[in-house]
Amino acid sequence: MKKEFVVIGLGRFGGSIVQELVQQDADVMAIDKQQERVDEFASIATQAVVADTTDESVLKSLGIRNFEHVIVAIGDDIQSSILTTLILKEIGVQKITVKAQNDYHEKVLRKIGADHVVHPERDMGIRIANNMMSNNVLDYLELSDEHSIMEIKANHLLEGHTIIGLDIRARYGINIVAIKREKEIIVSPQAEDVIHEGDILIVIGEDDDISRFEKKMLN
């Protein structure tokens, strides 16, 4: 069976999610208050609907509770975002992901039951800053306020060293969870695996520890 999603709010963030989910062969109901935005996605989404999602009767009539995952991507209207999330929770939606505008918005969303809160603008800013500050950091995913996953490109200083020889876990408190080598991905690499220049190391750990590793081992 295809996975079924609802995306509420068809701005840049919500619209990009709709397009990606459809490309991944999911069924997507796209909802927005503005007719022109809905028209834009009518030929992309499985179903595109003009609706006010702060009205509980409207959400019930659309059968939203039957979808396994609802993404609330409402833009600048924090009140609508909060009220929509609250109604979704009350009518029994299984999983709710919400875009937050700021930390205060996130606190409220978590208190009313949002399962996952994202800060796309902030997170993208952090990614770009990390990429600008280091030639070795290729990508970044924040797991919590203090923990992240990073893709770090191995340079000539790591060439020929084994994971156990570098003693990364003991010295820096981080773990290499995978190595990407051209088209090959080595998941859960062994201690004896050798690192080569150009390998992409996918590391997980505290931000300060990853930064310490990146500065001391790669510069």
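Residues numbered from 1 in each chain as written. Predicted model: local features only at pLDDT ≥ 70, side-chain atom pairs only at ≥ 80, totals over all residues. Heavy atoms only, no water.

### Focus on the sheet that holds strand 4 (residues 69-72)
Then step 1. With respect to topology, 6 strands assemble into an open sheet ordered 3-2-1-4-5-6, the strand pairing being parallel. One side of each edge strand has no neighbouring strand; the edge strands of this open sheet are strand 3 (47-50) and strand 6 (116-118). Across the sheet, the mean angle from the axis of one strand to that of its neighbour is 15°, orientation sign disregarded.
Then step 2. In terms of strand pairing, strand 5 (residues 96-99) meets strand 6 through 3 bridges, oriented parallel. Across the sheet, the residue bridging to Val98 is Val117, located in strand 6.
Then step 3. With respect to the sheet, helix 1 (residues 12-23) is in contact with strand 1 (4-8), strand 2 (27-32), strand 4, strand 5 and strand 6, its orientation differing from that of strand 1 by roughly 165°. (Pairing = 2+ DSSP bridges. Helix = DSSP H or I, 4+ residues; strand = E, 2+ residues; numbered from the N terminus. Axes fitted to C-alpha atoms, helices over the stretch in contact; angles between N-to-C directions. Contact = heavy atoms within 4.5 Å.)

### Some thoughts on the side chain of Ser80
Then step 1. Here Ser80 lies in helix 4 (residues 78-90).
Then step 2. By relative accessible area, which is 12% here, Ser80 ends up buried.
Then step 3. A polar atom in the side chain of Ser80 sits 2.7 Å from the side chain of Asp77.
Then step 4. Not counting residues up to four positions away in its chain, the partners in contact with Ser80 are Lys33, Thr54 and Ile74. (Buried < 20%, exposed > 50% of the residue type's maximum accessible area, 1.4 Å probe, protein only. Polar contact = N/O pair within 3.5 Å; in protein donor to acceptor, adjacent residues only side chain to side chain.)

### Some details on the packing of aromatic side chains
Then step 1. All told, the structure shown has 1 aromatic pair when counted by the stated rule.
Then step 2. Between Tyr172 and Phe213, the aromatic rings sit 5.6 Å apart at their centres with planes inclined by 70°, giving edge-to-face as the arrangement. Of this pair, Tyr172 sits in helix 8 (residues 168-172) while Phe213 is found in helix 9 (residues 207-218), placing the two residues 41 residues apart along the sequence.
Then step 3. By relative accessible area, which is 0% here, Phe213 ends up buried. (Phe/Tyr/Trp six-rings, centres within 6.5 Å; stacked < 30°, edge-to-face > 60°.)

### Section: the side chain of Glu106
Then step 1. Relative to the helices and strands, Glu106 is located in helix 5 (residues 103-111).
Then step 2. On the accessibility criterion, Glu106 (16% relative accessible area) is buried.
Then step 3. Glu106 has contacts with Ala100, Val117 and His119, leaving out every residue within four places of it along the chain.

### Examining the pattern of salt bridges
Then step 1. On inspection of all chains with the given rule, the structure shows 9 salt bridges.
Then step 2. Beyond isolated ion pairs, a larger network of salt bridges with shared partners links Lys2, Asp25 and Asp27. (Salt bridge = Lys/Arg side-chain N within 4 Å of Asp/Glu carboxyl O.)

### Topic: the environment of Val49
Then step 1. Take Val49: it is sitting in strand 3.
Then step 2. Along the backbone, Val49 and Ala30 are 19 residues apart, and their C-alpha atoms lie at a distance of 6.2 Å.
Then step 3. When residues no more than four places from it in sequence are discounted, the contact partners of Val49 are Met29, Ala30, Ile31, Asp32, Val38 and Leu62.

### A short note on the confidence of the model for the protein
In low-pLDDT regions, the fine details of the predicted coordinates are not to be read closely.
Then step 1. For the protein, per-residue confidence averages 87 on the pLDDT scale, and 88% of positions sit at 70 or higher.
Then step 2. When mean pLDDT is compared element by element in the protein, strand 3 scores highest at 97, while helix 6 (residues 120-133) scores lowest at 59. (pLDDT = per-residue confidence, 0-100.)

### Quick word on the pairing of strand 1
Then step 1. The buried count for strand 1 comes to 4 of 5 residues, which makes it a mostly enclosed element.
Then step 2. Sheet topology places strand 1 next to strand 4; 4 bridges connect them, and they run parallel. By the bridge assignment for strand 4, Phe5 is matched with His69.

### Describing the nonpolar core
Then step 1. Ranked by internal contacts, the top residues of the largest apolar core, which has 23 residues, are Val6, Met29, Ile31, Ile64, Val70 and Leu88.
Then step 2. Among residues more than four places away in sequence, those in contact with Val70 are Val6, Ile8, Ile64, Leu88, Val93, Lys95, Ile96 and Thr97.
Then step 3. Judged by nonpolar contacts, the second largest core, of 18 residues, contains Met150, Tyr172, Ile195 and Val203. (Core = buried A, V, L, I, M, F, W, Y, C linked by side-chain atoms within 4.5 Å.)

### Observations concerning the environment of Val187
Then step 1. Within the secondary structure, Val187 sits in strand 10 (residues 184-187).
Then step 2. Placed 15 residues apart in sequence, Val187 and Ile202 show a C-alpha to C-alpha distance of 9.5 Å.
Then step 3. Look past the residues within four positions of Val187 in its chain and what remains in contact with it is Val177 and Ala178.

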